[in-house]
Amino acid sequence: MGGVAFIGLGNMGAPMAANLLRGGYETTVFDLVPEALAAAEEAGARAAGSAAEAVADAEVVISMLPAGEHVHELYLGSGQVMASVRPGTLLVDCSTIAADAARQVAAAARERSLRFLDAPVSGGVGGARAGTLTFICGGEAADVEEARPVLAAMGKNVFHAGPSGAGQVGKMCNNMLLAIQMIGTAEALNLADAHGLDPAAVSDIMKASSGSNWALQVYNPYPGVMDGVPASNGYQGGFLVDLMVKDLGLAMDMAGSSHTATPLGAAARALYTAHSAHGNGGYDFSSILQFLRGGKLG
Ligand code: NAD
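Predicted model only: the values in this text are computed from it and were never measured.

Trainee: Residues and numbers for the site of the ligand, please.
Mentor: Of all residues adjacent to the ligand, which total 28 residues, the nearest are Gly8, Gly10, Asn11, Met12 and Phe239. Among the elements that make up the shell around the ligand, the one with the highest residue count is helix α4 (residues 68–76) (3 residues). Viewed by domain, the shell around the ligand spans two of them, domain 1 (4–163) and domain 2 (169–292), each represented by three or more residues.

Listed below in structure tokens is the structure:
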């Protein structure tokens, strides 16, 4: 496998690109933020002056951008990626975007004899750093197999969910569940705290009981209970409230278009939207605990 181009070096993309380098892949990177680009260059990547330049010689292009409009702009707009890659290049978008938006970019790729996978990830910034992400892929099975070794350098699970867009559908269902679970965990810890229990002790109790879940195990929302998580670092970094608001909006669009009942997803969206409206969109999503407590962040 030849070179990989990696576009989007944010909270997730930077550690993912670092793992590609560790895995021995020649990696050319680009981000609109010069500091992000310089940090990746420092880590051993080749920095390009534009997305078009980054992808020109790549066999595989990976993108990790905030939302659908950025992905569209990168591949089909001013980023000029589709116009700049070699024929046959495999394009892998790991951003979380609407399934329909992913299908549109995939269709545009097919028209140009290119291959496109939607491959959103789960596992958070910790998983990106540790190289233990889960990739949820939508597209052709053969293309997933071709991407597998590259994805395996950044993650431990690579699932093929179905045709184009299926990766995004799977990801949205997961993130709706994650939001519900995080709010529930914050609610339980806050209630325990209000009744005088030590949040660390009650976390241990619930982890060994039927309420155990991912937030309790690796992403505790109560400050100081767990080292190395955003809650113990002023809710900095991690997965931003505004990205969760975006994902819950996409999940609710899916629920609306299929007439599917998602009452807890709707409640989670309302809570996270209110949290963002209070000026907290730039904090990690586990900060919902502080919203329940009526506390101000920042
Ligand atoms: P981020 O905002 O930290 O990073 C996005 C990066 O993309 C930024 O550095 C930005 O400058 C860059 N960018 C935007 N448009 C660009 C363009 N046209 N060309 C080059 N660079 C461009 O976001 P993130 O937290 O890394 O998340 C990225 C995606 O992964 C989102 O879709 C998010 O929903 C998803 N995701 C995030 C997490 C998490 O824990 N942060 C977990 C799973 C999935």
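Trainee: Explain the domain arrangement of the protein residue by residue, including any values.
Mentor: Domain boundaries in the protein define domain 1 (4–163) and domain 2 (169–292). Domain 1 and domain 2 are separated by 27 Å when their C-alpha centres are compared. Listed per partner, the contact involves 13 residues of domain 1 and 14 residues of domain 2. Ranked by residues supplied to the side of domain 1 that touches domain 2, first place goes to helix α7 (residues 124–130) with 3 residues. Classifying every residue of the side of domain 1 that touches domain 2 by side-chain character gives 8 nonpolar, 5 polar and no charged.

Trainee: Can you break down the nonpolar core residue by residue, with the values?
Mentor: By size, the foremost hydrophobic cluster in this structure holds 99 residues, and its most contacted members are Ala17, Val29, Val61 and Val92. Here the element with the most residues in this core is helix α9 (residues 166–194); it accounts for 10 residues. Beyond its immediate chain neighbours, meaning those up to four positions away, Ala17 contacts Phe6, Leu9, Thr27, Val29, Ala40 and Ala45.

Rules of the game
Residues numbered from 1 in each chain as written. Predicted model: local features only at pLDDT ≥ 70, side-chain atom pairs only at ≥ 80, totals over all residues. Near = placed C-beta within 6 Å. Helix = DSSP H or I, 4+ residues; strand = E, 2+ residues; numbered from the N terminus. Domains from an automatic or database assignment. Contact = placed C-beta atoms within 7 Å. Nonpolar A, V, L, I, M, F, W, Y, C, P; charged D, E, K, R; others polar. Core = buried A, V, L, I, M, F, W, Y, C linked by C-beta atoms within 7 Å. Buried ≥ 20, exposed ≤ 12 C-beta atoms within 10 Å, placed from the backbone.

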